[in-house]
Amino acid sequence: MNTSHYPIAVIGAGPVGLAAAAHLLARGLTPIVFEAGSSAGASILKWGHVRIFSPWLYNIDAEARRLLQAEGWQEPDGASYPTGRQLVEQYLKPLASTSALKPVIRYESKVTAVTKFRKDLMKNEGRGDAPFLLRIQTQDGHEYDLLAHAVIDASGTFEKPNPMGSHGIPVAGEQKEAESIAYGIPDVFGAEADVYANKRVLVVGSGHSAFNVLQDLVRLKEKAPATTIHWAIRKTSLDLVFGGGENDKLRERGRLGSTVRHLVEQGDITLFPGISIDRLERNQSGIVVESNGDQLPSVDRIIVTTGFRPDLQIISELRLALDPGTQSPTALAPLIDPNLHSCGTVRPHGAEELKHPDENFYIVGMKSYGRAPTFLLLTGYEQVRSVTSALAGDWDAARRVELVLPETGACSTKARPQTSSAQPKVCCG
Ligand SMILES: Cc1cc2nc3c(=O)[nH]c(=O)nc-3n(C[C@H](O)[C@H](O)[C@H](O)COP(=O)(O)OP(=O)(O)OC[C@H]3O[C@@H](n4cnc5c(N)ncnc54)[C@H](O)[C@@H]3O)c2cc1C
């Protein structure tokens, strides 16, 4: 069956999904974008108070820029650093409102499953020729199916935070205490200040999300002095946590690390290193976390910042080639697996590394990295340029992965066409 008259479905109107749609249009293909939220960048708005650590110049896709400029868009100063909310308000919402993209986006439309039309996972015969079938659920509960020639899954990972335990599953007691536990990056100094003011708070995790939360809790403590901040990390030393510091290639990220180190050293934050949480329970003094038989001081609230994982349920009826550890496409895994290399660099990659046994299905953006925490937008924009080239049948362009790094001094590598392991690299987290 020739399926090319069906549209190409893009799941998610985040930065990478919208960039994918822009590239599809530039290739003369027909996208349809499904977004679960009520606006573009719905996931980013959940951490809209956080200032991101790559400057504007790194955050804008080239094809998206072309669409915006055609409509008189005023590009933000490339050297300044937006918050998540500014990224949405000044870039993603204007992009989603362009005359090219507006008609192809369906909001409040959650993709709940992707499969092959009349081919369950087991069926071989005619599988390659069958279109994709997406099940869509609208906010009012209405369900319908859509057939698609290809699917680009850019749904991110923000909706699936990791639990606090090191076993990969919630620790005993975690689900029972759900009301006292937040995941991700709650706005502890702004919208949710009342929840945390003058409370004993434990932050779990050692990435940049933790740094953001800790920094904001210290600001809250200045206004609400009884706020107590505990920080539990699995690593045994602060030096292992702070890594880049002043030498970090992304300046803002390095600055954040240095600030938090200073706050620990001056006693605003009490650090508990070498913690692997086994269980938690509530007693009369609050929530008590247990690690290796030891108990941490009781707290009122816990904030878990232990990263995110992809939702594989919605694509479980497709034939996928996923690395069993990172849960990223198999060929991408060795480039990003934090077990294999301490990630200072990631090679650019495209359709070749992102393809699956079910052809014309691609996972891109944050979700393509599976559980690896090091994704950057610039990498995602190159992914979608390559994937959309492949979908247009232009495999030469698809294989010519190039990462054009704007010269801001934040990353020193230069772009050049390459096909071998001597590829240019982009800084990651
Ligand atoms: C706090 C934080 C700071 C970051 N800072 C930087 C930075 O400085 N520089 C950088 O390059 N990267 C940064 N990143 C990493 C990354 O660039 C962002 O997470 C970015 O938002 C990823 O874009 P995305 O389009 O892949 O996914 P998302 O932005 O998560 O977008 C996914 C979209 O899909 C929608 N969706 C989800 N499921 C469904 C479904 N089933 N059906 C329909 N729609 C769905 C969501 O509502 C969302 O709008 C940061 C990430 C975080 C969390």
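Here the structure is shown first, and the text comes after it.
Residues numbered from 1 in each chain as written. Predicted model: local features only at pLDDT ≥ 70, side-chain atom pairs only at ≥ 80, totals over all residues. Heavy atoms only, no water.

1. With respect to the pairing of strand 5 (residues 132-138)
Of all 7 residues that make up strand 5, 5 are buried, and the element is covered over most of its length. In the sheet, strand 4 (residues 109-116) pairs with strand 5 via 7 bridges, with the strands oriented antiparallel. Bridging from a neighbouring strand, Thr115 pairs with Leu133 of strand 5. As judged from the 6 bridges shared by strand 5 and strand 6 (residues 143-148), these two strands associate in the antiparallel manner. Considered in strand 6, the bridge of Arg135 is made with Asp145. Here strand 5 folds back onto strand 6 in antiparallel fashion, the turn holding 4 residues, of which Gly141 has a positive phi close to 90°. (Buried < 20%, exposed > 50% of the residue type's maximum accessible area, 1.4 Å probe, protein only. Helix = DSSP H or I, 4+ residues; strand = E, 2+ residues; numbered from the N terminus. Pairing = 2+ DSSP bridges.)

2. Describing the packing of helix 3 (residues 62-69) against helix 4 (residues 84-96)
In the contact formed by helix 3 and helix 4, the axes pass within 10 Å of each other and the chain directions differ by 70°. As summarised for this structure, helix 3 and helix 4 are arranged roughly perpendicular, according to the angle between their axes. Where helix 3 approaches helix 4, its residues Ala64, Leu67 and Leu68 are matched on the opposing element by Tyr91, Pro94 and Leu95. Tallied by class, residues from the contact of helix 3 with helix 4 come to 6 nonpolar, no polar and no charged. (Axes fitted to C-alpha atoms, helices over the stretch in contact; angles between N-to-C directions. Parallel < 35°, antiparallel > 145°, perpendicular 65-115°, else oblique. Contact = heavy atoms within 4.5 Å. Nonpolar A, V, L, I, M, F, W, Y, C, P; charged D, E, K, R; others polar.)

3. Some points on the sheet that holds strand 8 (residues 181-183)
Reading across the sheet, the 5 strands line up as 8-15-9-10-11 and stay open at both edges, with parallel pairing between neighbours. The outermost strands of the open sheet, each flanked by one partner alone, are strand 8 and strand 11 (270-272). Neighbour-to-neighbour, the strand axes of this sheet turn through a mean angle of 20°, independent of strand direction. In this sheet, strand 15 (residues 301-304) lies alongside strand 9 (residues 200-204) in parallel orientation, the contact comprising 4 bridges. Paired with Val201 across the bridge in strand 15 is Arg301. Along the sheet, helix 6 (residues 208-223) contacts strand 9, strand 10 (228-232) and strand 15; its crossing angle with strand 10, the most-contacted strand, is approximately 165°.

4. Quick notes on the sheet that holds strand 17 (residues 361-363)
The strand order across the open sheet built from 5 strands is 3-2-1-7-17, with neighbouring strands paired in parallel fashion. Either end of the sheet is taken by a strand with one partner, and the two such strands are strand 3 (105-106) and strand 17. In this structure, strand 2 (residues 31-34) lies alongside strand 3, joined through 2 bridges in parallel fashion. Each residue of the ladder has a partner; that of Phe34, found in strand 3, is Arg106. Those strands touched by helix 11 (residues 377-391) are strand 1 (8-11), strand 7 (150-153) and strand 17, and its axis lies near 175° from that of strand 7.

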